[in-house]
Amino acid sequence: MYKALKVIDIGSKLWLCNTWKSNLARAITTSSYCKIKEEVAKLLALKAQLTNDAPPQKFVLKTPKGTRDYNPQQMAIRNSVLQKIISVFKKHGAECIDTPVFELKEVLTGKYGEDSKLIYDLKDQGGEILSLRYDLTVPLARYLAMNKINNLKRYHIAKVYRRDNPAMTRGRYREFYQCDFDIAGQFDPMVPDAECLKVVTEILDSLDIGKYILKVNHRCLLDGMFEACGVPAEQFRSTCSTIDKLDKSPWQEVRTEMINEKGVTPEAADRIGEYVRLNGSTELVDKLLQDEKLSKSKSAVEGLQGIKLLLEYCELYGIKDKVLFDLSLARGLDYYTGIIYEAVLTEPIKIGGEEQSVGSIAGGGRYDNLVGMFDTKNKQVPCVGISVGVERVFSVLEARLAAGELSVRPSEIDVYVASAQKDFLTTRMRICNELWDAGIKAEQPYKKNPKMLNQLQHCEENGIPLAVILGESELKRGLVKIRNIVTRQEDEVPRDKLVEELKNRINMLNINVNGLEK
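Note that this is a predicted model, so its numbers are computed, not measured. (Residues numbered from 1 in each chain as written. Predicted model: local features only at pLDDT ≥ 70, side-chain atom pairs only at ≥ 80, totals over all residues. Heavy atoms only, no water.)

## Here's the deal with the UniProt feature "binding site: L-histidine" (unreviewed entry) in the protein chain
Here comes step 1: As recorded in UniProt, the feature "binding site: L-histidine" (unreviewed entry) lies at D135, L136, T137, R162, Q178, D182, R331, Y335 and Y336.
Here comes step 2: By secondary structure assignment, the location of L136 is in the loop between β3 (130-132) and α4 (137-146).
Here comes step 3: In contact with L136, other than residues within four places in its own chain, are R154, H156, A158, V160, Q178 and D180.
Here comes step 4: For Y336, a relative accessible area of 7% puts it in the buried group.
Here comes step 5: Residues contacting Y336, with those up to four places away along its chain left out, are R219, R331, G364, G365, R366 and Y367. (UniProt positions renumbered as here; feature names shortened; annotations may be inferred. Helix = DSSP H or I, 4+ residues; strand = E, 2+ residues; numbered from the N terminus. Contact = heavy atoms within 4.5 Å. Buried < 20%, exposed > 50% of the residue type's maximum accessible area, 1.4 Å probe, protein only.)

## Quick look at helix α12 (residues 390-402)
Here comes step 1: Between the first and last C-alpha of α12 there are 18 Å, a value that for 13 residues agrees with the 18 Å anticipated at 1.5 Å per step.
Here comes step 2: Of all 13 residues in α12, 12 are buried; the element is thus mostly enclosed.
Here comes step 3: Restricting attention to buried positions, one finds in α12 the residues V390, E391, R392, V393, F394, S395, V396, L397, E398, A399, R400 and L401.
Here comes step 4: Following α12 by one or two positions, G404 adopts a phi angle in the positive range, close to 80 degrees. (Expected span 1.5 Å × (residues − 1).)

## Re unusual backbone geometry
Here comes step 1: For D208, which is not glycine, the phi torsion reads 50 degrees and is therefore positive.
Here comes step 2: The residue D208 is located in the loop between α5 (191-207) and β6 (212-218) in this model.
Here comes step 3: Phi is positive for N378, which is not a glycine, with a value near 55 degrees.
Here comes step 4: Tracing the backbone shows N378 in the loop between β12 (360-366) and β13 (383-388).
Here comes step 5: In this structure N378 comes out as partly exposed when scored by relative accessible area, which is 47%.

## Looking at α5
Here comes step 1: Along its 17 residues, α5 runs 25 Å from first to last C-alpha, staying within 8% of the 24 Å computed at 1.5 Å per residue.
Here comes step 2: Where α5 ends, the next residue or the one after it, D208, has phi of about 50 degrees, a positive value.

## Details of the packing of α5 against helix α11 (residues 298-316)
Here comes step 1: Orientation of α5 relative to α11, taken along the N-to-C sense of each, is 50 degrees, at an axis distance of 9 Å. Viewed along their axes, α5 and α11 adopt a mutual orientation that is oblique. For the pair α5 and α11, the crossing hand works out as right-handed. Contacts between α5 and α11 involve V191, D193, A194 and L197 on the former and, on the latter, L310, Y313 and C314.
Here comes step 2: Considered class by class, the residues forming the contact of α5 with α11 number six nonpolar, no polar and one charged. (Axes fitted to C-alpha atoms, helices over the stretch in contact; angles between N-to-C directions. Parallel < 35°, antiparallel > 145°, perpendicular 65-115°, else oblique. Left-handed = near helix turned anticlockwise from the far one by under 90°. Nonpolar A, V, L, I, M, F, W, Y, C, P; charged D, E, K, R; others polar.)

## Quick word on the sheet that holds strand β16 (residues 442-443)
Here comes step 1: Pairing in this open sheet of five strands is mixed, and the strands run β16-β15-β17-β18-β19 from one edge to the other. With partners counted over all chains shown, the strands left at the sheet margins are β16 and β19 (490-494), one partner each.
Here comes step 2: Across the sheet, helix α13 (residues 425-437) is in contact with β15 (415-419), β16 and β17 (466-470); its angle to β15 comes to roughly 165 degrees. (Pairing = 2+ DSSP bridges.)

## Notes on the nonpolar core
Here comes step 1: Counting residues in each nonpolar core, the largest one holds 102 residues, and the members touching the most others are F89, M225, I272 and F325.
Here comes step 2: The element best represented in this core is α5, accounting for eight residues.
Here comes step 3: Ignoring sequence-local partners within four residues, the contact set of F325 consists of V216, N217, L221, L278, N279, G280, S281, L284, V285, L288, L304 and I307.
Here comes step 4: Within the second largest apolar cluster, 18 residues are counted, among which are V415, I431, A442 and V493. (Core = buried A, V, L, I, M, F, W, Y, C linked by side-chain atoms within 4.5 Å.)

## Regarding the packing of aromatic side chains
Here comes step 1: Considering all chains together, one arrives at five aromatic pairs under this definition.
Here comes step 2: Lying over the aromatic face of Y70, R78 brings its terminal NZ or CZ to 4.0 Å of the ring centre.
Here comes step 3: Positioned over the ring face of Y134 is R162, at 3.9 Å from the centre of the ring. (Phe/Tyr/Trp six-rings, centres within 6.5 Å; stacked < 30°, edge-to-face > 60°. Lys NZ or Arg CZ within 6 Å of the ring centre and 35° of its normal.)

## Regarding the pattern of salt bridges
Here comes step 1: One pass over the full model with this rule turns up 30 salt bridges.
Here comes step 2: A salt bridge links D375 to K148; the shortest N-O distance between them is 3.4 Å. One end of the pair, D375, is in the loop between β12 and β13; the other, K148, is in the loop between α4 and β4 (152-161), with 227 residues separating them in the sequence.
Here comes step 3: A salt bridge links E412 to K441; the shortest N-O distance between them is 2.7 Å. Here the residue E412 occupies a position in the loop between β14 (407-408) and β15, and K441 occupies one in the loop between α13 and β16, the gap between them amounting to 29 residues. (Salt bridge = Lys/Arg side-chain N within 4 Å of Asp/Glu carboxyl O.)

Pasting the structure below:
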């Protein structure tokens, strides 16, 4: 009995001890939590005080690196260029498509070789890893594969994005337009390829931006050349990317990179150097077909025969004199499989008082395996296309504008409705409405009683060729005046014949509705 009571007493004491410890720990925890909460509140208050006391940070208002704004004159140049390019695309039967400005990252990955590092990646948005499009070619291949399209002649004009080092004066940006023309489908060798070159020449001739040359080469020839020079097959693409830098860097720098970074032996690099210095026409093709090393390479012979056929078709299209077979042309993108080409201005242009080389203004080639990369059954749709680098074209034209060699009409207004006296606002508005309904581009001053001199100055500053001048005495006689802003000649015409007379004069003036005049 005593032992049992003793055990109970000891158990009670233990229970009381554990309960006391638990309550003490809870009290300490609560106390610590309150103290921590109190300290956090003090820190937040101090932060708010420091933020309020700190001077406002200076915000630099600018466009992001590698981008720019376009003023009305520059946009007039841009729209004129794009309209000319589109007219050539349509003349050759191309249809227009559009694709998203961003793609799934896996669509773009592995298509651009060393340039893949220039792709803009986006943050995860709802479970999809996305990137801004690098060009318009890979999205086209995805579009063809996804929609099971085997034949298409398309054009696409849109912005692309590259995390490159910009050179603004030379038209090299991180956000820029590309104008693409592509022919997809199984056709006879070099027939669509030659038409792509014809399209480039028509565009550059219509833009009249200077003398140019179309450099052509063949990926099979490059691979055969590397093989003949002793470069391992697994190094073909990386070596090709290095050769592609010859338009920007001297041969010695390119040779050093091939040896030190790409693992090409000095002997192989020197042999490559002997070939990439060569350029010419059909005669060079025939000479290389007899070359001891290249003639043993099946790939090189295939490329040379392709070049020879292309030059024959170029002669039929009347453009052979503008085409140069150049073994230094490589184009570093991995997806090219056949003919490659690039349009280059042969003369520097003056930008900001200095002569600068603009470089390539169009490029492209054949890519027969790209669509198959997106098809579940690896079904191939052969493609060939060109891309016009319009930003560099804009740079050339803007330089001419700055030099006074080009005049631009930012506005396409043909007629300005003016008044010589007060209280003619409602009459001006009625006439404007009448002209708009007749399809005439017209505007009026937004002041009720504008000064006549200011109205005429507005016409001169904005290149508006005609003005309708309202006066009380003329209106009473059923007449209005039409003024030629350039010649300053004024003629009275019947009010009810105003629309007809204006249309005739606009046609006679042969106004360039595209806003660009030389």
